Amino acid sequence: STLQSPYYDLGNDVKRIGGDATTINSSTHTAVPGLVSDALSLPGTGDIFVVASINNETQTEGETVAEYKLQYRTSFSGSWTDLGNPVQRTVVNRWDNGIISLTGLLQDQPQGNEYQFQVTHARISGEEVTTENSNLVVIALSHTGGRFPAFYSSLGAGGVTIREDATSAAEVTSTTITSTT
């Protein structure tokens, strides 16, 4: 199809790790190497949408729990702030694979800052966990002609824990979407 005028480029960044696995054996959250975005700036006030898809596995016997978070900062020297809630993933067997999805929406950000995003991981219990085959995608939802309306819903302040052998679906509700333009 042909783009209709006017059309706008949205600032974005994608980071991907494959077989370059990172093993964690610490209960302290650390950045996943390769899942730290480049700087992203907004051409006007707006929101930034962030999503990560993560694969983890354990190579030891017994149950292991890993936790993942999205974080952001507004300068390369600033401190990191959590974006959204953490997600814990339990893997229950040797060579078990887990899939985690994280989403975040950084709302009403001013023009002029540079934003950077990362995925962190930590081992909560059990033996070491490997993070691999993962993606981080960051998209600015403002452009030179305005901004896109956005909304965000959450399961609650505690986040969610996922077990492959016992986790049922959870309903997420949202409020009415209202355009801000």
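Residues numbered from 1 in each chain as written. Predicted model: local features only at pLDDT ≥ 70, side-chain atom pairs only at ≥ 80, totals over all residues. Heavy atoms only, no water.

Visitor: Before we move on, can you summarise the overall build of the protein with the specific residues and values?
Guide: If you tally the helices and strands in the protein, you get 0 helices and 13 strands. Classification of the 181 residues of the protein by burial places 38% in the buried group. A sequence separation of at least 24 residues applies to 81% of the contacts in the protein between residues at least 6 apart. Of the roughly 9700 Å² that the protein leaves accessible, carbon and sulfur atoms contribute 46%. (Helix = DSSP H or I, 4+ residues; strand = E, 2+ residues; numbered from the N terminus. Buried < 20%, exposed > 50% of the residue type's maximum accessible area, 1.4 Å probe, protein only. Contact = heavy atoms within 4.5 Å. Areas by Shrake-Rupley, 256 points an atom, 1.4 Å probe, with all protein chains shown as cover.)

Visitor: Which residues make up the packing of aromatic side chains, and what are the values?
Guide: Under the definition given, this model contains 1 aromatic pair. Between tyrosine 72 and phenylalanine 117 the ring centres are 6.3 Å apart and the planes differ by 35 degrees, which places this aromatic pair in the tilted class. With tyrosine 72 in strand β6 (residues 64-73) and phenylalanine 117 in strand β9 (residues 114-125), this residue pair connects regions lying 45 residues apart in the sequence. Judged by its relative accessible area of 17%, tyrosine 72 falls in the buried class. With a relative accessible area of 0%, phenylalanine 117 lands in the buried category. (Phe/Tyr/Trp six-rings, centres within 6.5 Å; stacked < 30°, edge-to-face > 60°.)

Visitor: Hey, could you go over the pattern of salt bridges for me, with residue numbers and the actual values?
Guide: Oppositely charged side chains can pair when the atoms bearing their charge come close. If you walk through the whole model with that rule in mind, you get 3 salt bridges. Here aspartate 38 makes a salt bridge to lysine 15, at a shortest N to O gap of 3.2 Å. You can see aspartate 38 sitting in the loop between β3 (30-36) and β4 (40-41) and its partner lysine 15 sitting in strand β1 (residues 12-17), a full 23 residues away along the chain. Under the relative-accessibility criterion, aspartate 38 is labelled partly exposed at 44%. Measuring nitrogen to oxygen at the nearest pair gives 3.2 Å for the salt bridge that ties aspartate 82 to lysine 69. With aspartate 82 in strand β7 (residues 81-91) and lysine 69 in strand β6, this pair connects stretches of sequence that are 13 residues apart. With relative accessibility at 38%, the residue aspartate 82 sits in the partly exposed group. By relative accessible area, which is 16% here, lysine 69 ends up buried. Salt bridges here are not isolated pairs; linked through shared partners, they connect Asp13, Lys15 and Asp38. (Salt bridge = Lys/Arg side-chain N within 4 Å of Asp/Glu carboxyl O.)

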